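Inside the fold
Here is how the chains run, residue by residue.
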Amino acid sequence: LSLASTIGATLARGRGEELIADALQAIRVTMARGSAEDRAALLRGLQDFGAGVAQFDDQKLASAKEALTRSASDLPLVANPLRFSARFYLAVNEYYFDASRGLVLLDALLAEIPAGRYPALTGRICWIAGSIDKVQGRVQSSVHRYERAAASLRQSGGKSAAAFADGMNFAFLYDRE
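Residues numbered from 1 in each chain as written. Predicted model: local features only at pLDDT ≥ 70, side-chain atom pairs only at ≥ 80, totals over all residues. Heavy atoms only, no water.

Considering the confidence of the model for the chain
For the chain, per-residue confidence averages 90 on the pLDDT scale, and residues scoring 70 or more make up 90% of the total. Least confident of the elements in the chain is helix H9 (residues 159-176), whose mean pLDDT is 60; most confident is helix H3 (residues 36-57), at 98. (pLDDT = per-residue confidence, 0-100. Helix = DSSP H or I, 4+ residues; strand = E, 2+ residues; numbered from the N terminus.)

Right under this line is the structure:
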């Protein structure tokens, strides 16, 4: 955990990105003071999260959904913020099948994330939500979401991280003229 802690601390100091640091702190607390059930939930949640993300990346959406659903159920038991990331992947999975329902899940997740603490995740949520709004013809909402995505991604990873969201917003506005 020491290398991960160094990375988490560096991201927290340099970019205000607290997700890794908070996840590691939740692991430490659970391992030091949690019950056997808490430690089991942590282990299951982390294993399912890793498996679910790998399956999602391989476009194995049904098995990804199963693993991520279990992760999103176990990680809140030990206050691990990776639960938010698991729910993000679940919302995107839902978006692939039902964009309106995916948007509802993304908005609910965004409302629950501690403000300003996880800018990379916030940026990803706003980017996908902006894309949904764009496709569904909600121009102002899409522009607002892309702007928030760019600002959050810029905070977490600099100009290059925000370039895609900036480009999406520009392309959208340019296409309308």
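Now, onward.
Describing unusual backbone geometry
Of note, the phi angle at Gln-59 is positive, near 60°, even though the residue is not glycine. Here Gln-59 is to be found in the loop between H3 and helix H4 (61-74). If you check the backbone angles, Ala-79 has positive phi at about 55° while not being a glycine. Along the polypeptide, Ala-79 turns up in the loop between H4 and helix H5 (82-97).

Details of the packing of aromatic side chains
Two numbers describe a pair of aromatic rings. These are the distance of the centres and the angle of the planes. Under the counting rule described, the total for this entry stands at six aromatic pairs. With a centroid separation of 6.5 Å and an interplanar angle of 65°, the aromatic rings of Phe-49 and Tyr-89 are classed as edge-to-face. Here the residue Phe-49 occupies a position in helix H3, and Tyr-89 occupies one in helix H5, the gap between them amounting to 40 residues. Classification of Phe-49 as buried rests on a relative accessible area of 14%. Overall, Tyr-89 belongs to the buried group, its relative accessible area being 10%. Aromatic side chains Phe-56 and Tyr-96 sit 6.1 Å apart centroid to centroid with 15° between the ring planes, which places their arrangement in the stacked category. Linking Phe-56 in helix H3 with Tyr-96 in helix H5, this pair joins segments that are 40 residues apart in sequence. Taking the relative accessible area as the measure of exposure, Tyr-96 reaches 42% and is therefore partly exposed. Taken together, the ring pairs in this structure connect Phe-49, Phe-56, Phe-88, Tyr-89, Tyr-95 and Tyr-96 into an aromatic cluster. (Phe/Tyr/Trp six-rings, centres within 6.5 Å; stacked < 30°, edge-to-face > 60°. Buried < 20%, exposed > 50% of the residue type's maximum accessible area, 1.4 Å probe, protein only.)

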